[in-house]
Every structure is written in C-alpha cells, then in structure tokens.
Amino acid sequence: MELIDGKAVAAQIKKEIAEEVAQIKEAGGKTPHLAAILVGHNGGSETYVTAKVRTCEEVGFKSSLIRYEEDVKEEELLACVERLNNDSDIDGFIVQLPLPKHISEQKIIEAIDYRKDVDGFHPVNVGRMSIGLPCFVSATPAGILELIKRYGIETRGKHCVVLGRSNIVGKPMAALMMQKAYPGDCTVTVCHSRSQNLKEMCLSADIIIAALGVPEFLKADMVKEGVVVIDVGTTRVPSTLTKSGFKLTGDVKFDEVSPKCSYITPVPGGVGPMTIISLMRNTLLAGKKAIYK
Ligand code: GUN
C-alpha cells in the first residue's frame, strides 16, 4: 500500500507556481491577482478563504478579500461581481460558498464572467469541461487528477466508481474520469444515496473516489484487493483528542480499508491540500490568459 501524500505534492506545485510567478515578474509581466468575496462569518468559509489569501501571498500573487455581512442584499453582491468582472487588474475571483439562504448561489455564479471564474463553477466552464474543451476545472477534481498523474496511477480501461453526485465534486469527477485522456479513459459508475447496488459496484471498482460526505462510509468489505481509493470527505467530527475539539474525518474507514489498497489518500493530508493549489494554478492560467483571451 502506498500513501498518496497530497501535502507533499501540493508543496511541490506551490514551489513550481512561485517560480513561474517570479519569472513573469522579472520579465515585466503582470502579477496574477485573485479576489475572494466572503459573506458572513461561517467558520469553515473563514478558514478556507484565509488559507487562499495566505497561499496567494506565498506564491507571489496579489490578492483582495472583499467581505460582506450575513444580511447583504443579493443586488449588492451582484454589483460587486459586476465590478470585479470589469476590473482589468483582477485576473480571477471566487465567491466563497455557501451563501446565506436569501441569496441565490446559482444567480451569483452565473453573473461571474466565465473568463474570470477560477472556481470553474460557471455553466460555461462546466459545459466546456464535460465536452473536453479548455476551461477552468474546479479545484477538487483538478487536484485529484493531478495526484493520479503525479503518482503515475493507471486509469485507462479501469472501472472507476464515484460515490456522490454533487456539482462540485461527484459530477465533474465522473465526467473527467471518462474523458478520452490520461488521467481518464475509465468506465465510470456514479453511486449516490439512492443507489441500490452500491456495495457490488464498489467491489468491482479498480478506483473509488469517495465524495459522499458521510464519515467512514467505505468499509473493508466493500473494496477489492489492490483498489485505488481517493477520499474526498472532510467532515468535522467532535473529538476529545484534539485542541480544536473536532477531528477531520474522511468518507473511508481508513484503518481497515488501507491494507487492501494499492494507493490511498489520507484525511487530512490527501486531497485537501491540493484544492487550494488547484485554485492557484487556475489563477496563474487566468493571469497568463492561457485559457481565454
Ligand atoms: N465552498 C466549499 N468549497 C468551495 C470552493 O471550492 N469554492 C468556493 N467558492 N466555495 C467553496
């Protein structure tokens, strides 16, 4: 069994991005600039956005954090999106989700100029991704592909089971793994909360990507010997063992599943560290106008 070290891969890519940014600046090019809109004081969102802004600094990007209180009006947010769309210094921006209930996330996402949508959530990017055109691929699926690539894991012709059908992970992951490409060329099955034969599907899988958000859902009796397991779960489970009072728990019962695996990602330290790096990569691509002119 080989552990997939997302933390180490992310650190390596961060170095690569920082080097490229330094070269761009040296050549007199434009410093990539990422803006983030954060609404309210959701603990998880605060943590993620802070980490995104910090990583921007570490790789040499400019960053702008725009904050609104929980009671911000939808029109105000739409006006902010419009402002960022038209600001030529901003190469890419994100609106941290979730948004308060009175705001339509879909409406906000669709208002973002797809050429600056470094989260890859806009329907133009989602559509282009699903038909294999250059686009911004959302951070978690892009990070998983990068891990598979850097570990040289064979995917061609394999049976890949994706657990979960979210717009952010399950659906894009399934589309990417079936793409005529490497990583890709898989036979893909998507299972979700309504699937009746989930265990049988998992038992026939060469690769399982678990993104259900159900802590320790995948057990040893659901996987075959030699399987590759990618664990996307990050549920905060109360714990008396940590200072913070919670423990980040994946969708895989790691202790019993890992001995059967050829490769497995741990939680934390697997997929998680890759997601912010994928956002940085997309911002660099946006800055270079590498995808859209
Ligand atoms: N909330 C959880 N994950 C994400 C993400 O990747 N991007 C944004 N904008 N919000 C999120």
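Each remark here, short or long, concerns the structure printed above.
Moving on: the layout of surface pockets. Think of a ball as big as a water molecule: rolled over the atoms, this probe shows where empty space is left. Empty space within the largest pocket amounts to approximately 1,600 Å³. Sort the elements by how many residues they give to the lining of the largest pocket and helix H2 (residues 43-59) lands first, with nine residues. When grouped by side-chain class, the residues that make up the lining of the largest pocket number 24 nonpolar, 17 polar and eight charged. When its volume is computed, the second largest pocket comes out at roughly 520 Å³. Surrounding the second largest pocket, 24 residues form its lining, Val137, Ala142, Leu145, Lys149 and Leu176 being those nearest its centre. At the level of secondary structure, the elements contributing two or more residues to the lining of the second largest pocket comprise helix H5 (123-130), helix H6 (139-150) and helix H10 (272-287). Take the lining of the second largest pocket: its biggest share by element is six residues, from H10. In the lining of the second largest pocket, the residues fall into 16 nonpolar, four polar and four charged.

A separate point is the site of the ligand. What surrounds the ligand is the set Lys52, Val95, Gln96, Leu97, Asp119 and Phe121. One of the backbone nitrogen or oxygen atoms of valine 95 is found 2.8 Å away from a nitrogen atom of the ligand. Between the ligand and aspartate 119, the relevant distance is 2.6 Å, taken from a nitrogen atom to a side-chain nitrogen or oxygen of the residue. Compared with its free state, where it exposes 280 Å², the ligand has 78% of that area covered by protein. Assessed atom by atom at 2 Å from the grid points, the ligand resides in the largest pocket. Tallied by class, residues from the shell around the ligand come to three nonpolar, one polar and two charged.

Turning to the nonpolar core, a few remarks are in order. Membership of the largest hydrophobic core comes to 54 residues, with the highest contact counts inside it found for Ile17, Phe61, Ile144, Met177, Ile209, Ile230 and Met280. Here this core gets seven residues from one element, more than from any other, and that element is H10. With residues up to four places along the chain from it excluded, the contact list for methionine 280 reads Ile17, Leu34, Lys52, Thr55, Cys56, Val59 and Phe61. Counting residues in each nonpolar core, the second largest holds 20 residues, with Ile66, Phe93, Ile112 and Phe121 among its members.

If you trace the three strands from one edge of the open sheet to the other, you get E3-E2-E4, paired in parallel fashion. Strands at the two margins of the open sheet, each flanked by one partner only, are strand E3 (62-68) and strand E4 (92-95). Within this sheet the neighbouring strands show an average axis-to-axis angle of 15 degrees, counted without direction. Summarising the sheet, strand E2 (residues 33-39) and E3 pair through seven bridges and their orientation is parallel. Within E3, the residue paired with valine 39 across the bridge is tyrosine 68.

This brings us to the side chain of asparagine 282. Among the structural elements, asparagine 282 can be located in helix H10. Filtering out sequence-adjacent residues up to four positions away, asparagine 282 remains in contact with Val118, Phe136 and Val137.

Parameters at a glance
Every chain is numbered independently, its residues counted from 1 as its sequence is written. Totals for whole chains, interfaces and linings use all residues, but because this is a predicted model, local features are given only for residues with pLDDT of at least 70 and pairs of side-chain atoms are given and counted only at 80 or more. Processing note: side-chain calculations cover all non-hydrogen atoms of the structure and skip hydrogens and water entirely. A cavity here means a set of 1 Å grid points, computed over protein atoms only, where a 1.4 Å probe fits but cannot escape. A pocket is an open set with protein on both sides within 12 Å along at least 5 of 7 lines, and lining residues have an atom within 4 Å of a point. Grid points are joined across faces, edges and corners, and a volume is the space filled by probe spheres set on the points. Segments assigned H or I by DSSP are reported as helices when at least four residues long, segments assigned E as strands when at least two residues long, and all are numbered from the N terminus. Following the grouping adopted for this structure description, the nonpolar residues are Ala, Val, Leu, Ile, Met, Phe, Trp, Tyr, Cys and Pro, the charged ones are Asp, Glu, Lys and Arg, and the polar ones are all others, Gly among them. Neighbouring residues are identified by heavy atoms, a residue being near a molecule or strand if any of them is within 4 Å of it. Counting of polar contacts relies on pairs of N or O atoms within 3.5 Å, with two restrictions inside protein: one atom must be capable of donating a hydrogen and the other of accepting it, and residues adjacent in sequence are counted only when both atoms are side-chain atoms. Each accessible area is a Shrake-Rupley result for a 1.4 Å probe, and residues are judged covered by the shown protein chains and nothing else. Those molecules having more than half of their atoms within 2 Å of a cavity or pocket grid point set are described as sitting in that cavity or pocket. As used here, the term nonpolar core means buried Ala, Val, Leu, Ile, Met, Phe, Trp, Tyr and Cys residues forming a set that is joined through side-chain atoms within 4.5 Å. Throughout this description, buried means an accessible area under 20% of the type-specific maximum (1.4 Å probe, protein chains only), exposed means over 50%, and partly exposed covers the range between. By definition in these notes, contact holds between two residues if any of their heavy atoms fall within 4.5 Å. Strand pairing is assigned whenever DSSP identifies at least 2 bridges connecting the two strands. Comment: axis = line fitted to C-alpha atoms, over the contacting stretch for helices; angle = value between 0 and 180 degrees taken between N-to-C directions.

That is the geometry; function is a separate question.
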